[in-house]
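Topology and contacts: notes
So you can see what is in the structure, the chains are spelled out below.
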Amino acid sequence: MTEEILKKIKQLPPLPESALQIEAVYQDPNSSFNDMVKILEKDPLLTADILKAANSPLYGFSREINAISQAVGLFGMGTVRGFALASIIKKSFPLDLSAYGITNDMFSELSKRQHALVTAWCMRKENKLMGILSPAAFLVEIGKVIIAQQIMAENKQIEFRDALKELQDVEKAEEKVVGVTTPEVSSMIFKLWKFEDGLVDVIGNCKNPAEAEDEDKKAAQILQVVRTAIQLNGVATEESIAAAKELVKTYSLDMASFETALESAVA
C-alpha cells in the first residue's frame, strides 16, 4: 500500500462514540437483544436512519417497521449492526466518488443493493454469518472514498477513467493507477478502527477468498459473489449475474436461494 494512501487512512477521524457503544454491546457475549435496542434508541437520528433502511422495498416486508425493537427482532442483531454502522460511518466521510464516474447517490445505491442481496440470500440459511456479512456488504466499498481522494490529488481522473474503460474491471484499474484496491483499503480502515479480525479478513480477501482464514472463507466467498453481481453503479446486468452464478457453482454455495434472492434484491 502506498504511503499516500496509508497517510490518508491514518488521518481518518476515530469512530464516533455511538459506533463504539454498538460494537461494545455486539461483541459482549453476555449482551442481549434488549441491550442493543437500548443503545440504538438513545440516538433518535440513528434510529430514524435504521428504520428508513429497514423499510426499504428491497427487503420485501409487507408491514411497516416502526420500532427499533421490531427491526432487531426481524433482522437480528448482526444485520441491524450493519444498518447502524453504515449510517454512522458514511456520515464520517466527505464523499466524492466523481473519479469513478458515479454520484454519491449511486454509491449509496451500490451499498444498499449489495446489502439487500446478502440479506435476502443469507439471513435465514446463513444467519450466523450475518454479523460479519451485514457490515461487510454495506461498507466494503468505503475504500473507494480514499482511493477517489488520491486519484484527484494526483490529477489522474482521466487516466483512471481510461483504465476503467480499457480493463472493464474496477479493481484492476485501481491497482494500475493507484497501486491498491478497494478491499485492501477498506480492510485497513477497519483494522485501524479495531474491528474484529473476521470482518477485516472477509473484506480484505473478498477478491481472493482462498486467502482468507478457514473460518472466514465462506463469508468472503459470499461477499465476492455479491460484489460480482452488483456493479459499480448499483445495477446487476445479465453478464454480472452470470459471472456471479459461476462463482456460486465454483464455491458450491446454495444456487436456489441465490436465485431467489436475486429476484427480490435486484428487481
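This structure is a prediction, so every number in the text was calculated from the model and none was measured.

Notes on the overall build of the protein
Each helix and strand counted, the protein has 16 helices and 0 strands in total. Rg of the C-alpha trace for the protein: 18 Å, near the compact-globule value of 18 Å for 267 residues, within the 12% margin. Reported as C-alpha extents along the three principal axes, the dimensions of the protein are approximately 50 × 40 × 35 Å. A sequence separation of at least 24 residues applies to 66% of the contacts in the protein between residues at least 6 apart. Counting only carbon and sulfur atoms, one obtains 50% of the accessible surface of the protein, whose full area is about 12,600 Å². If the 29 positive side-chain charges of the protein are averaged to one point and the 38 negative ones to another, these points end up 2 Å apart.

Remarks on the packing of helix 9 (residues 143-153) against helix 12 (residues 182-192)
Each pair of packed helices can be summarised by the angle the axes make with each other and by the distance between the axes. For the pair helix 9 and helix 12, interaxial distance at closest approach is 7 Å and the crossing angle is 110 degrees. In terms of axis orientation, helix 9 runs roughly perpendicular to helix 12. With respect to the hand of their crossing, helix 9 and helix 12 are arranged in right-handed fashion. Each of Gly143, Lys144, Ile146 and Ile147 in helix 9 lies in contact with helix 12, whose residues at this interface are Thr182, Val185, Ser186 and Ile189. Its residues assigned to classes, the contact of helix 9 with helix 12 comprises 4 nonpolar, 3 polar and 1 charged.

Points about the side chain of arginine 227
By the secondary structure assignment, arginine 227 is in helix 14 (residues 217-229). On the basis of relative accessibility, which here comes to 13%, the residue arginine 227 falls in the buried class. Reaching out from arginine 227, the side chain makes a polar contact with the side chain of glutamate 171 at a distance of 2.5 Å. Not counting residues up to four positions away in its chain, the partners in contact with arginine 227 are Gln114, Val140, Glu141, Lys144, Glu171, Thr182, Pro183, Cys206 and Lys207.

Here we look at the confidence of the model for the protein
Overall, the predicted model of the protein reaches an average pLDDT of 91, with 99% of residues at or above 70. The least confident element of the protein is helix 6 (residues 77-90), whose mean pLDDT is 86; the most confident is helix 14, at 97.

As for helix 13 (residues 197-204)
Working note: α-helix, 3.6 residues per turn, so residues spaced by three or four point in the same direction. In terms of burial, helix 13 is a largely internal element, 6 of the 8 residues being buried. Along helix 13, the residues that are buried comprise Gly198, Leu199, Val200, Asp201, Val202 and Ile203. Packed against the buried residues of helix 13 are helix 6, helix 8 (130-139), helix 12 and helix 14.

Considerations on the packing of aromatic side chains
Under the criterion given, the structure shown has 9 aromatic pairs. On the basis of an interplanar angle of 90 degrees and a centroid distance of 5.6 Å, the ring pair of tyrosine 59 and phenylalanine 83 is categorised as edge-to-face. Note that tyrosine 59 is positioned in the loop between helix 4 (44-54) and helix 5 (68-75) and phenylalanine 83 in helix 6, a separation of 24 residues in sequence. Judged by its relative accessible area of 3%, phenylalanine 83 is buried. Arranged with centres 4.7 Å apart and planes meeting at 55 degrees, the rings of tryptophan 121 and phenylalanine 258 form a pair that is tilted. Remark: phenylalanine 258 occurs in helix 16 (residues 255-265) and tryptophan 121 occurs in helix 7 (residues 104-122); sequence separation between them is 137 residues. In this structure, tryptophan 121 and phenylalanine 258 share a single accessibility class: buried.

Rules used in this analysis
Residues numbered from 1 in each chain as written. Predicted model: local features only at pLDDT ≥ 70, side-chain atom pairs only at ≥ 80, totals over all residues. Heavy atoms only, no water. Helix = DSSP H or I, 4+ residues; strand = E, 2+ residues; numbered from the N terminus. Rg over C-alpha atoms; globule rule 2.2 N^0.38 Å. Contact = heavy atoms within 4.5 Å. Areas by Shrake-Rupley, 256 points an atom, 1.4 Å probe, with all protein chains shown as cover. Lys, Arg positive; Asp, Glu negative; His and termini not counted. Charge placed at Lys NZ, Arg CZ, Asp CG, Glu CD. Axes fitted to C-alpha atoms, helices over the stretch in contact; angles between N-to-C directions. Parallel < 35°, antiparallel > 145°, perpendicular 65-115°, else oblique. Left-handed = near helix turned anticlockwise from the far one by under 90°. Nonpolar A, V, L, I, M, F, W, Y, C, P; charged D, E, K, R; others polar. Buried < 20%, exposed > 50% of the residue type's maximum accessible area, 1.4 Å probe, protein only. Polar contact = N/O pair within 3.5 Å; in protein donor to acceptor, adjacent residues only side chain to side chain. pLDDT = per-residue confidence, 0-100. Phe/Tyr/Trp six-rings, centres within 6.5 Å; stacked < 30°, edge-to-face > 60°.

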